[in-house]
Amino acid sequence: MHFNLVEQSYQVTVWNRTPARADALIRRGALHASSAASAIAASPITIICVADYNVSTSILDQESVKSALAARVLI
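In this report, the structure presented in the accompanying data block is examined.

Criteria and cut-off values
- Residues numbered from 1 in each chain as written.
- Predicted model: local features only at pLDDT ≥ 70, side-chain atom pairs only at ≥ 80, totals over all residues.
- Heavy atoms only, no water.
- Helix = DSSP H or I, 4+ residues; strand = E, 2+ residues; numbered from the N terminus.
- Buried < 20%, exposed > 50% of the residue type's maximum accessible area, 1.4 Å probe, protein only.
- Contact = heavy atoms within 4.5 Å.
- Core = buried A, V, L, I, M, F, W, Y, C linked by side-chain atoms within 4.5 Å.
- Arc of directions from axis to C-beta.
- Polar contact = N/O pair within 3.5 Å; in protein donor to acceptor, adjacent residues only side chain to side chain.

**Notes on the environment of threonine 46**
Okay, step 1: Residue placement: threonine 46 occurs in strand β3 (residues 45–46).
Okay, step 2: Among the residues examined, threonine 46 registers a relative accessible area of 11% and is labelled buried.
Okay, step 3: In this structure the C-alpha to C-alpha distance between threonine 46 and arginine 72, which are 26 residues apart in sequence, comes to 7.4 Å.
Okay, step 4: Each residue touching threonine 46, except ones within four places of it in the same chain, is listed here: Ile40, Val73, Leu74 and Ile75.

Here's what the structure looks like:
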């Protein structure tokens, strides 16, 4: 697992559909978000990294996530 943003002292907020998978980043200083929408709302830039298009669509099509994405950059 790569920790580049955390190790470079960027404020990083993470969310994972399987919460335990975010633990390593949280131990290194990332902040935990309780939902995808709250993780997106924490920063003007969001990086999504999931298994495939269907998974990303299932996350990004949630109404709370759509609202959180307003005026933000999605990578």
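Read on for the rest.
**Remarks on the nonpolar core**
A general tendency of soluble globular proteins is for nonpolar side chains to be buried together.
Okay, step 1: In terms of nonpolar packing, the biggest core is built from nine residues, these being Ala36, Ala37, Ile40, Val55, Ile59, Leu60, Val65, Ala68 and Leu69.
Okay, step 2: The next biggest cluster of nonpolar side chains, apart from the first, holds seven residues, and it includes Phe3, Val6, Leu25 and Ala30.

**Considering helix α4 (residues 53–60)**
Okay, step 1: Val55, Ser56, Ile59 and Leu60 are the residues of α4 that are buried. Looking straight down α4, one finds its buried side chains confined to an arc of 125°; they lie on one side. Residues Tyr53 and Asn54 are exposed on α4 and point more than 90 degrees away from its buried face.
Okay, step 2: Of the residues flanking the start of α4, the one acting as N-cap is aspartate 52, its side-chain oxygen 3.0 Å from the backbone nitrogen of asparagine 54.

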